[in-house]
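Breakdown of the fold
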Amino acid sequence: MTRTDAWGFATGTPATAPDDRGRGPETAEPGHAVHPTAGTRTAEPTAAVRRSAHRRAEDDPQRTARAALTRILEPGDETAGRWLRERGPVALWHTLSDDTADPPAGATPAKIAGLRLRAGRARPTADLDAITALGGRFVCPGDNEWPGQLDDLGDARPVGLWVRGTGNLRLWALRSVAVVGARACTDYGAHLATTLGAGLADRGWTVVSGAAYGVDGAAHRGALAADGATVAVMASGVDYAYPRGHTELIDRIAEQGLVVAELPPGDHPTRSRFIQRNRVIAALTRGTVVVEAELRSGSLVTARRALALGRFTMGMPGPVTSGLSAGVHQLLRGEAAVVTDADEVIELVGSIGDLAPEQEGPTRIRDLLDPVASRVLEALPARGSTDIAHLAQEAGTPRDVTRSKLFELLSLGFVQRCGERWELARRAETTDGSRRGGP
């Protein structure tokens, strides 16, 4: 396979999207429960599914080892990531599974003891069965579908990713933007996130978020409403809907988009896993937009991680009196860019030429006057009238030029003639240039 760069723009043959196999039964073993999402039935995998998983385990021991390690290691553990880089997945799994094996260099007895307790419950074949039954797959570094930009995380790179959905994660991530923000967002924040998600999706960009309440959910719904691509990065297993109130939304994302997790099927979220999930969102996308965030917010963690990774960091401003916008405003005082819509986001993260339309105020008829006509018009008194001689003196223009410009202004409705004198027409000019009233 030909090597690719961090964003996959390479000479390698892109992986084709997996077939839409639909959602199948789920599996559970004693002491290794799988928590199904609403609307799915819990059942044992078929014999064919089990045989397929066992063949994968025999044919690809590294994939099986990585699947086991996702059950053993915590996401974002850089020490364990270093062990994985130095030893390889198979050797590390065997080291953590064998109480008599020499521990990795620098490992504390307490850490090794804890990891070996977890290794005792690792059932990688069952986990691979479970993801297959869900119509998903386990994506590892080096696979055609692996997003190369995740390698920017170094030793904090995910061991692998469990994926539900038929889209190709690597291809979708090439044009992706993270939209994150407050869970307890205002109606203003929800509106911004929804319209931003829809706008990005409508322009062919993938919307990535964490499926949480508030801004995350609004961004996903906006993308789905536009019939676009969206990716939910979970802090749990891909079959463990959290928050529970978003079970239906997460299922819909799995059907139309992708649900991605570092944790194996059935695993539950914790506070630290939410924080570590943010690094994946930041690394996976070309830029992160924060829509409403308090001064202490996980969304700011995502934005700052994106900034540290060299990604674009953006914020949508809100009322200065709103505590839910205080974190965004603090971010904007640093290195984040102000954005107000999808066009402005794409101008930053997109290719050369993806420019947002220039924002201009309404054009008035008076703006179209030439400089001399404007000067003559401004020389007319606000009240009352004046003659051409006085007006030419005030405007600093010759009498014949002044007379000519006055007749132009008369035809446009700016002035009116009263015998040999001239005065401003009594008219009202609206922002669209239409007239109300008259002389």
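Just so it is clear, the model here is predicted, and its values are computed rather than measured.

So, about the layout of surface pockets. In this model, the largest pocket occupies a volume close to 690 Å³. Taken together, the elements giving at least two residues each to the lining of the largest pocket come down to β3 (176-181), α11 (271-284) and α12 (298-308). Per-element tally for the lining of the largest pocket: the top contributor is α11, with 6 residues.

Our focus in this paragraph is helix α17 (residues 399-411). For α17, spanning 13 residues, the distance from its first C-alpha to its last is 19 Å, which sits close to the expected 18 Å at 1.5 Å a residue. Buried within α17 are the following residues: T402, K405, L406 and L409. Seen from one end, α17 has its buried residues packed into an arc of 110°, which puts them on one side. Of the exposed residues in α17, those oriented more than 90 degrees away from the buried face are D400 and S411. Buried residues along α17 sit against α15 (371-379), α16 (388-395), β11 (415-418) and β12 (421-424). Looking one or two residues past α17, G413 carries a phi angle of roughly 85°, positive in sign.

With that out of the way, let us pick up the packing of aromatic side chains. In this description, a pair of aromatic rings is defined by centroid distance and the angle of the planes. Going through the model one piece at a time under the given rule, you end up with 3 aromatic pairs. Residues F407 and W422 carry aromatic rings whose centres are separated by 5.3 Å and whose planes lie at 85° to one another, so their mutual orientation is edge-to-face. Taken together, the residues F407 in helix α17 and W422 in strand β12 connect sequence positions 15 residues apart.

Time to look at the pattern of salt bridges. Counting across every chain of the model gives 19 salt bridges. Between K111 and D77 there is a salt bridge; the shortest N-O distance is 2.8 Å. Placement of K111 in helix α5 (residues 109-119) and of D77 in the loop between α2 (61-72) and α3 (78-87) is noted, with a sequence separation of 34 residues between them. Between K405 and D370 there is a salt bridge; the shortest N-O distance is 3.1 Å. Separated by 35 residues along the polypeptide, K405 in helix α17 and D370 in the loop between α14 (342-349) and α15 bring together distant segments of the chain. The exposure class assigned to D370 is partly exposed, which follows from its relative accessible area of 28%. Among the ionic contacts, a cluster of salt bridges with common partners joins R71, E74, R118, D127, D267 and R273.

What follows covers the side chain of S176. For S176, the position within the fold is in strand β3. Separated by 2.9 Å, the side chain of S176 and the backbone oxygen of A173 make a polar contact. The contacts of S176, once residues within four sequence positions are left out, are W205, T206, V208, L284, T285, R286 and G287.

A few words on the sheet that holds strand β6 (residues 258-261). Across a sheet, strands are paired by hydrogen bonds formed along the backbone, either parallel or antiparallel in direction. Ordered by their spatial adjacency, 9 strands build an open sheet running β1-β2-β6-β5-β4-β3-β7-β8-β9, and the pairing between neighbours is mixed. Here the strands that pair on one side only, and so sit at the sheet edges, are β1 (137-139) and β9 (337-338). Pairing between strand β7 (residues 287-291) and strand β8 (residues 312-316): 5 bridges, direction parallel. Counted as the bridge partner of V289 is M314 from β8. Of the strands in this sheet, β1 and β2 (161-164) touch helix α6 (residues 124-133), which is tilted by about 25° from β2. Relative to β6, helix α10 (residues 247-256) is tilted by about 105°, and along the sheet it contacts β2, β5 (230-234) and β6.

Counted under the stated rule, the structure contains 2 cavities of 30 Å³ or more. Its boundaries defined by the atoms lining it, the largest cavity holds a volume of some 130 Å³. In terms of lining, the largest cavity is formed by 17 residues, of which the most central are L73, E74, P75, G76 and V159. When contributions to the lining of the largest cavity are tallied by element, the ones reaching two or more residues are α2 and α3. Reported here for the second largest cavity is a volume of approximately 60 Å³. In terms of lining, the second largest cavity is formed by P75, L161, V233, M234, A235, V260, A261, E262, L263, R273, R277 and V280. Among the secondary structure elements, those contributing two or more residues to the lining of the second largest cavity are β5, β6 and α11.

With respect to topology, 3 strands assemble into an open sheet ordered β10-β12-β11, the strand pairing being antiparallel. Of all the strands in the sheet, the pair left with one neighbour each is β10 (386-387) and β11. In this sheet, β12 lies alongside β11 in antiparallel orientation, the contact comprising 4 bridges. Following the sheet pairing, C418 is matched in β12 by R421.

What counts, and at which threshold
Residues numbered from 1 in each chain as written. Predicted model: local features only at pLDDT ≥ 70, side-chain atom pairs only at ≥ 80, totals over all residues. Heavy atoms only, no water. 1 Å grid on protein atoms, 1.4 Å probe; cavity = no way out; pocket = protein on both sides within 12 Å on 5 of 7 lines; lining within 4 Å. Points joined across faces, edges and corners; volume = space filled by probe spheres on them. Helix = DSSP H or I, 4+ residues; strand = E, 2+ residues; numbered from the N terminus. Expected span 1.5 Å × (residues − 1). Buried < 20%, exposed > 50% of the residue type's maximum accessible area, 1.4 Å probe, protein only. Arc of directions from axis to C-beta. Contact = heavy atoms within 4.5 Å. Phe/Tyr/Trp six-rings, centres within 6.5 Å; stacked < 30°, edge-to-face > 60°. Salt bridge = Lys/Arg side-chain N within 4 Å of Asp/Glu carboxyl O. Polar contact = N/O pair within 3.5 Å; in protein donor to acceptor, adjacent residues only side chain to side chain. Pairing = 2+ DSSP bridges. Axes fitted to C-alpha atoms, helices over the stretch in contact; angles between N-to-C directions.

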